[in-house]
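# Secondary and tertiary structure notes
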Amino acid sequence: MTTRRKIRIWLVLFLVGLIASGVTAFPLEHEVHWLRSVLDRFDAAPDALVAWIQRVDQGITETNDRYPFIMYGTDWLAFAHLVIAVAFWGPLRDPVRNIWVIEFGMIACVGVVPLALFAGPVRGIPGWWTVIDISFGVFGIVPLIIVRRLIKRLEAEGTHLAPEKPLQPLGGRG
């Protein structure tokens, strides 16, 4: 498998996570309500998790019922994830020239940690949930570190200078 192909595979994996994080922020009230109903039927769920999800469900429902414009913030959060995902089109097309996008993503992943450690306690988020939030940055940076190393390898190989074979239309003719 070529270095360029490995880069694309890792980037697509990262993009799937980023896009999923964005898209799932739109129906937040429905998702949390569904999660609460699942946990209510699951006897083995930790009490702290059940209590937290019940509180979150109640908070989102009451806020959305009384002040639906507040949920507009989660719409923008979702949109931001999707816009950031668009930036990664550059490294998919030309990884060496667009390595800065990968480094930007790595900085953002590192930034998750201090934000969660500061804002979590300020907003009353349980410590164990803050660890879950931090894990998004930790797990997100892993494919980006791999991609950055692969881009450096691609650059050293010099194979990024050769023109790429254009994509062929589906069906073989175009």
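Residues numbered from 1 in each chain as written. Predicted model: local features only at pLDDT ≥ 70, side-chain atom pairs only at ≥ 80, totals over all residues. Heavy atoms only, no water.

### Some thoughts on the overall build of the protein chain
Filter applied, for reference: Put simply, DSSP H or I for four residues or longer makes a helix, DSSP E for two residues or longer makes a strand, and each gets a number counted from the N terminus. The size measure is the radius of gyration over C-alpha atoms, and the globule rule it meets is 2.2 Å times the number of residues to the 0.38 power. Burial here depends on accessible area, computed with a 1.4 Å probe over protein chains only, as a share of the maximum for the residue type. Under 20% is buried, over 50% is exposed, and the range in between is partly exposed. Here, residues are in contact when the closest pair of their heavy atoms is within 4.5 Å. Method for areas: the Shrake-Rupley scheme with a 1.4 Å probe, in which residue coverage is limited to the protein chains shown. Asp and Glu are treated as the negative residues and Lys and Arg as the positive ones, with His and the ends of the chain left uncounted. The atoms used to mark charge sites are NZ of Lys, CZ of Arg, CG of Asp and CD of Glu.
Within the protein chain, the regular secondary structure consists of 7 helices and 0 strands. In the protein chain, the order of α-helices and β-strands from amino to carboxyl end is α-α-α-α-α-α-α. The C-alpha radius of gyration computed for the protein chain amounts to 20 Å, which surpasses the reference 16 Å derived for 174 residues by more than 25%, pointing to a less compact arrangement than a globule. Seen through its C-alpha atoms, the protein chain measures out along the principal axes to roughly 55 × 40 × 35 Å. Residues counted as buried form 28% of the 174 residues belonging to the protein chain. Excluding contacts between residues fewer than 6 apart, the proportion of contacts in the protein chain whose partners are at least 24 apart in sequence is 74%. For the protein chain, the accessible area works out to roughly 11,800 Å², and carbon and sulfur atoms hold 68% of it. Of the charged side chains in the protein chain, 17 are positive and 15 negative, and the gap between their average positions amounts to 14 Å.

### Things to note about the packing of helix α6 (residues 99-122) against helix α7 (residues 127-157)
How we decide: The convention used is that axes are lines fitted to C-alpha atoms, helices contributing only their stretch in contact, and that angles between N-to-C directions extend from 0 to 180 degrees. Roughly parallel means an angle under 35 degrees; roughly antiparallel, over 145; roughly perpendicular, 65 to 115; everything else is oblique. Two helices crossing with the near one rotated counterclockwise from the far one by less than a right angle form a left-handed crossing, whereas a clockwise rotation gives a right-handed crossing. When residue character is reported, Ala, Val, Leu, Ile, Met, Phe, Trp, Tyr, Cys and Pro are called nonpolar, Asp, Glu, Lys and Arg charged, and the others, Gly included, polar.
Packing of α6 against α7 leaves a shortest axis separation of 9 Å and a crossing angle of 165°. Considered as vectors, α6 and α7 are oriented roughly antiparallel to each other. Both α6 and α7 take part in a crossing whose hand is left-handed. Residues Ile 99, Ile 102, Glu 103, Gly 105, Met 106, Cys 109, Val 110, Val 112, Val 113, Ala 116, Leu 117 and Gly 120 of α6 form the contact with α7, whose own contacting residues are Thr 130, Asp 133, Ile 134, Gly 137, Gly 140, Ile 141, Leu 144, Ile 145, Val 147, Arg 148, Ile 151 and Lys 152. Class assignment for the residues of the contact of α6 with α7 results in 15 nonpolar, 5 polar and 4 charged.

### Quick word on the side chain of Thr 3
Relative to the elements of secondary structure, Thr 3 occurs in helix α1 (residues 3-23). Relative accessible area serves as the criterion here: at 7%, Thr 3 is assigned to the buried category. If we skip the residues at most four places from it in the chain, Thr 3 touches Leu 150, Arg 153, Leu 154 and Glu 157.

### A short note on α7
For the record, the criterion: To estimate the expected span of a helix, count its residues, drop one, and scale the result by 1.5 Å.
Taking 1.5 Å as the rise per residue, α7 with 31 residues should run 45 Å; its terminal C-alpha atoms sit 45 Å apart, in good agreement. Of all the positions in α7, only Thr 130, Ile 134, Gly 137, Gly 140, Ile 141, Pro 143, Leu 144, Val 147, Leu 150, Ile 151 and Leu 154 are classed as buried. Elements in contact with the buried residues of α7: α1 and α6. Positioned one or two residues after α7, Gly 158 has a phi angle of 75°, which is positive.

### Description of the confidence of the model for the protein chain
This is how the line gets drawn: The pLDDT score gives, residue by residue, the confidence of the prediction method on a 0 to 100 scale.
Mean pLDDT over the protein chain stands at 92; residues scoring 70 or higher make up 93%. Across the protein chain, the element-wise mean pLDDT spans from 94 in helix α2 (residues 28-41) up to 97 in α6.

### A few points about the side chain of Thr 74
Structurally, Thr 74 can be placed in helix α4 (residues 72-87). Take Thr 74: its relative accessible area is 19%, and that puts it in the buried class.

### Some words on the nonpolar core
The following threshold applies: In these notes, a set of buried Ala, Val, Leu, Ile, Met, Phe, Trp, Tyr and Cys residues joined through side-chain atoms within 4.5 Å is what counts as a nonpolar core.
Membership of the largest hydrophobic core comes to 20 residues, with the highest contact counts inside it found for Ile 7, Leu 11, Phe 88, Ile 102, Leu 144, Val 147 and Ile 151. Looking at this core, the elements that each hand over two or more residues are α1, α6 and α7. Ranked by the residues each element gives to this core, the list is headed by α7, at 6 residues. Filtering out sequence-adjacent residues up to four positions away, Leu 11 remains in contact with Phe 88, Pro 91, Leu 92, Ile 102 and Val 147. Membership of the second largest hydrophobic core comes to 8 residues, among which are Ala 45, Val 50, Ile 60 and Met 71.

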